[in-house]
Amino acid sequence: MKDAVEPLTGYYDPEACDLQEFLPLVDQSTRAADVPHAAAIEKNTPIYDMDDLRPALEDHESRRQLMAEWARVLRLGAGVVALRNSYADTTVLDDATDIYTRIIAEEKQQSGGGADHFAASGANDRVWNALQKLCEAAPDVFLNYFANTTIAAICEAWLGPNYQMTAQVNLVHPGGAAQQAHRDYHLGFQTADVSASYPAHVHDVSPILTLQGAVAHCDMSLESGPTKLLPFSQAYRPGYAAWRRDDFRICFEERYVQLPLNKGDTVFFNPALFHAAGANTTADIHRFVNLLQVSSAFGRAMETVDRDKMCRILFPQAMRASAESRLSDAELSALIAATAEGYSFPTNLDRDPPIGGLAPESQAAFFHRALSEGMSEADFGKHLDKMNGVKRA
């Protein structure tokens, strides 16, 4: 059985990913002894009744014990937890739904609606940066929505304190198509080539930098297409190299599970879990979910650097050095890596959507493109102005 990590280099080889190593992982079962706080286990997913457990979140020791259990499940167990009744009072969800519905209508009128990623063809609406938009539109609703001790506890369980919350509303109308199986942010949002350029140990780190969550704003039957999940699939270390392969996607379609949800329930899962939105085959359910993507506090550089200014200063220098063959391609790449922002995120996804790919063009990728196209310094600066406005808007 070939090791998926290339010898000597420490990189994952997608061609060496082995379904026979994957299958024993996803064949595991969740044991009741491993999830003593769970009210039930459904389809290998531990179900926690927060009406019963919410008081425990007020006690430091009890809260720590529950969070430790959730962390074990997310890392070593099924990789997903369902938290029933995360909202004791679902009125706030109705209030938020009304506001988001209005935002969707306004944005569609202005621009025709936002672009998506991982989305198959079908009827759906997306609200990027739903967190800030709700705060600006109705701070009283935002206060009641996010003053939620259950969500705070599961985020801290996986990421520790000082996490960073973001949210994106996804409204899938009747007839909305399913997604293909994938993993999520960070490495899951990269192309296959970019993902493969990161060494294996970075693949191991990526899942502990974010937590994926979903807040059900309505009752969601299986026919409405709640998220398809493959328990234990996060345990396959080369999964970011494997999830695009047909044999792994076929395996996912043969083995995935779905859980019906009630309004006020939440589901949280390890971003390395193989998952996909399901198809809404109903005639009358508009599946409304607020997708929470929560990031570790540690995803920050030590210093603030004005990379926009540095790019403007260095571009004419780099252009001359390239034209005069004073720097090789590798040396130019090293220069750009030290100068420009190499990552597409965070960005304003309303103004910088991932059209035609999984992520918008990064500042570094634009720098490379500008050199290859022989772009003028004036046009280079104008495009940076546009990118800078997008990032800050």
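Details of the structure are given in the entry above.
Nothing here was measured: the structure is a model prediction, and the numbers come from that model.

Conventions adopted
Residues numbered from 1 in each chain as written. Predicted model: local features only at pLDDT ≥ 70, side-chain atom pairs only at ≥ 80, totals over all residues. Heavy atoms only, no water. Salt bridge = Lys/Arg side-chain N within 4 Å of Asp/Glu carboxyl O. Helix = DSSP H or I, 4+ residues; strand = E, 2+ residues; numbered from the N terminus. Buried < 20%, exposed > 50% of the residue type's maximum accessible area, 1.4 Å probe, protein only. Phe/Tyr/Trp six-rings, centres within 6.5 Å; stacked < 30°, edge-to-face > 60°. Lys NZ or Arg CZ within 6 Å of the ring centre and 35° of its normal. Core = buried A, V, L, I, M, F, W, Y, C linked by side-chain atoms within 4.5 Å. Contact = heavy atoms within 4.5 Å. Axes fitted to C-alpha atoms, helices over the stretch in contact; angles between N-to-C directions. Parallel < 35°, antiparallel > 145°, perpendicular 65-115°, else oblique. Nonpolar A, V, L, I, M, F, W, Y, C, P; charged D, E, K, R; others polar.

Asks: Mind showing me how you'd approach the pattern of salt bridges here?
Replies: Overall, the coordinates contain 18 salt bridges when judged by the stated rule. Between E156 and R63 there is a salt bridge, and its shortest N-O distance comes to 3.2 Å. In this pair, E156 sits in helix 7 (residues 149-159) while R63 sits in helix 3 (residues 60-75), placing the two residues 93 residues apart along the sequence. Owing to a relative accessible area of 24%, E156 belongs among the partly exposed residues under this scheme. Under the relative-accessibility criterion, R63 is labelled buried at 19%. One connected set of salt bridges, linked through shared partners, spans E42, R84 and D265.

Asks: Got a minute to help me understand the packing of aromatic side chains in this structure?
Replies: The relative placement of two aromatic rings is captured by the distance of their centres and the angle of their planes. Applying the stated criterion across every chain, the model contains 15 aromatic pairs. For the ring pair F142 and F146, a centre distance of 4.9 Å and an interplane angle of 40° mean the geometry is tilted. Remark: F146 and F142 occur in helix 6 (residues 139-146); sequence separation between them is four residues, near one turn of the helix. Assigned by exposure class, F142 and F146 land together as buried. Connected via pairs of aromatic rings, a cluster forms that spans F22, Y236, F248 and F274. In this structure, R183 packs its charged tip against the face of Y240, placed 4.7 Å from the ring centre. Across from the ring centre of Y256, 4.7 Å away, lies the NZ or CZ of K228, which sits over that ring.

Asks: Looking at this model, I keep getting lost on the nonpolar core. Mind explaining?
Replies: Side chains that are nonpolar tend, in soluble globular proteins, to be buried together. Among the nonpolar cores identified, the biggest contains 64 residues, and Y48, W70, Y100, L134, Y145, L211 and L292 are the most heavily contacted of them. Once residues within four sequence positions are removed from consideration, W70 is found in contact with Y48, M50, V81, L83, T150, A153, I154 and A157. Core analysis: the second largest hydrophobic core is formed by 22 residues, C17, L19, A241 and C251 among them.

Asks: What is the right way to look at the packing of helix 5 (residues 130-137) against helix 6 in this model?
Replies: Between two packed helices, the angle of one axis relative to the other and the distance separating the axes together describe the packing. It is at 5 Å that the axes of helix 5 and helix 6 come closest, and there the two elements cross at 130°. With respect to helix 6, the element helix 5 is oriented oblique. Packed against helix 5, whose contacting residues are L131, L134, C135, E136 and A137, the element helix 6 presents P139, V141, F142, Y145 and F146 at the interface. For the contact of helix 5 with helix 6, the residue count by class is nine nonpolar, no polar and one charged.

Asks: Help me understand the environment of A340, please; the structure alone is not making it clear to me.
Replies: Note that A340 resides in the loop between helix 13 (329-339) and helix 14 (363-373). When near neighbours in sequence (up to four residues on either side) are disregarded, A340 contacts R307, C311, Q363, A364 and F367.

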